[in-house]
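Next come the chains, spelled out residue by residue.
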Amino acid sequence: MYRPLVGTLATTVLGAAALVSGAAPAGAAPAGAAPAGTAPHHAPAHHKPALRTKAVDFAGTVALDDCSGSIVKMPTSKESDPALVMTNGHCLESGMPSAGQVIVDQPSSRSFTVLDKSAGELGQIQATKVTYATMTNTDVTLYQTGSTYAEIAQKYGVKPLELATDHPAKGAGITVVSGYWKKTYTCSIDGFVPTLKEGDWSWKDSVRYTPECKTIGGTSGSPVVDNKTGKVAAINNTGNENGERCTENNPCEVDDQGNVTVHKGTNYAEETYGIPKCFGAGNKLDLNAAGCTLPKPSGVRR
């Protein structure tokens, strides 16, 4: 994963023009610098990115102090509901959740910079709590904000991104939209990884990008938008930087038979299509809802 760019867990490198950082479990690869590493690149095949069939821009995305994110809605969300912001679990301001840890209803006052379609900064919205966060099976944090979707639309003229409810498809054209770097990466879904392991963390059914998406630190938490539907198919979170095996910043792929492969320079995302099943009316989290497969907490961390 690509560690947050700021803080004790971050690994930051000042480049001539920009800050380039690789993060452990959740992140994205550097713009121009391959963030996922492996040994011989005998994994994902090189596919040309699919042509965009829907304009993908920065409207609905946000910049955090160390990561990227987006204002998201469920298919059932109403304009009067409190808006949700999605980023990676490893971008949580209180520190990366440990393996097996699930955090719900944790107070937060974190601020997010709202961007327009051209990545211009419109202003900020503020969290009231961490609704859900984990790095187990997936790598996600969902914040509830003190603003409704209607209030954000009225003040800033932007609408949220909608989470898709269908499993993403291999070969689909996608765009990773980084609010932190104000940069997009366009490629295709190369395939899916039964288990992606990095350090102490493991993620299930992860998305593998084709090589064109050279995401970097700071792109952690970026929405992965399906170019055909315009909906969020996944959340960008990591890449193998140095070709190491299953270490932080160097995730390895584990198949259903337990075979491990390493693909240096390859980047990944975690699917989000199951999240809407865990939210009910009023954007209320319900981990006991039918079809909800997000890990449940053994206790509440505050």
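The paragraphs below set out a description of the structure included in this document.

The rules behind these values
- Residues numbered from 1 in each chain as written.
- Predicted model: local features only at pLDDT ≥ 70, side-chain atom pairs only at ≥ 80, totals over all residues.
- Heavy atoms only, no water.
- Helix = DSSP H or I, 4+ residues; strand = E, 2+ residues; numbered from the N terminus.
- Buried < 20%, exposed > 50% of the residue type's maximum accessible area, 1.4 Å probe, protein only.
- Contact = heavy atoms within 4.5 Å.
- Areas by Shrake-Rupley, 256 points an atom, 1.4 Å probe, with all protein chains shown as cover.
- Disulfide = S-S within 2.5 Å.
- Salt bridge = Lys/Arg side-chain N within 4 Å of Asp/Glu carboxyl O.
- Phe/Tyr/Trp six-rings, centres within 6.5 Å; stacked < 30°, edge-to-face > 60°.
- Lys NZ or Arg CZ within 6 Å of the ring centre and 35° of its normal.
- Pairing = 2+ DSSP bridges.

The helix and strand inventory of the protein stands at one helix and 20 strands. For the protein, the proportion of its 302 residues judged to be buried stands at 56%. Here the analysis covers contacts within the protein between residues at least 6 apart in sequence; of these, 70% occur between residues at least 24 apart. A total accessible area of about 11,800 Å² is found for the protein, and carbon and sulfur atoms account for 50% of it.

With that out of the way, let us pick up the state of the cysteines. Taken as a whole and judged by the stated rule, the model has four disulfides. The residue that forms a disulfide with Cys278 is Cys292, at a sulfur-sulfur distance of 2.0 Å. Here the S-S torsion is close to 100°, and the disulfide linking Cys278 with Cys292 is therefore right-handed. A residue pair is termed long-range when its members are at least 10 positions apart, and Cys278 in the loop between β18 (267–271) and β19 (279–280) and Cys292 in the segment after β20 (284–285) qualify at 14 residues. Across the protein, the way the bonded cysteines pair up, counted in sequence order, is 1-2, 3-4, 5-6, 7-8.

Time to look at the pattern of salt bridges. Tallied over the full model, the rule gives nine salt bridges. One salt bridge in this structure joins Asp66 and Arg110, with 2.8 Å as the shortest N-O distance. Separated by 44 residues along the polypeptide, Asp66 in the loop between β3 (61–63) and β4 (68–73) and Arg110 in the loop between β6 (102–107) and β7 (111–115) bring together distant segments of the chain. Each of the two residues, Asp66 as well as Arg110, counts as buried. Residue Asp190 pairs with Arg208 through a salt bridge whose shortest N-O separation is 2.8 Å.

A few words on the packing of aromatic side chains. For any two aromatic rings, the description comes down to two numbers: the centre-to-centre distance and the angle of the planes. Scanning all chains against the criterion turns up two aromatic pairs. Note on Tyr180 and Trp181: the rings are 5.2 Å apart at their centroids and 80° apart in plane angle, and the pair reads as edge-to-face. The exposure class of Tyr180 is partly exposed, given its relative accessible area of 22%. Here the guanidinium or amino end of Lys183 rests over the ring plane of Tyr185, the centre of that ring lying 5.2 Å away.

Further remarks concern the pairing of β18. Within β18, five of the five residues are buried, which leaves the element mostly enclosed by the surrounding structure. Strand direction decides the pairing type here: strand β13 (residues 201–209) and β18, joined by two bridges, are antiparallel. Its bridge partner lying in β18, Val207 is registered against Ala269. Inspection of the sheet shows strand β15 (residues 232–239) paired to β18 by five bridges, in the antiparallel sense. Counted as the bridge partner of Ala234 is Glu271 from β18.

Here strand β12 (residues 183–198) pairs with β13 via eight bridges, running antiparallel. The residue bridging Val193 from the neighbouring strand is Ser206, located in β13. Hairpin connection of β12 to β13: two residues between the antiparallel strands, including Gly199 at a positive phi of 60°.

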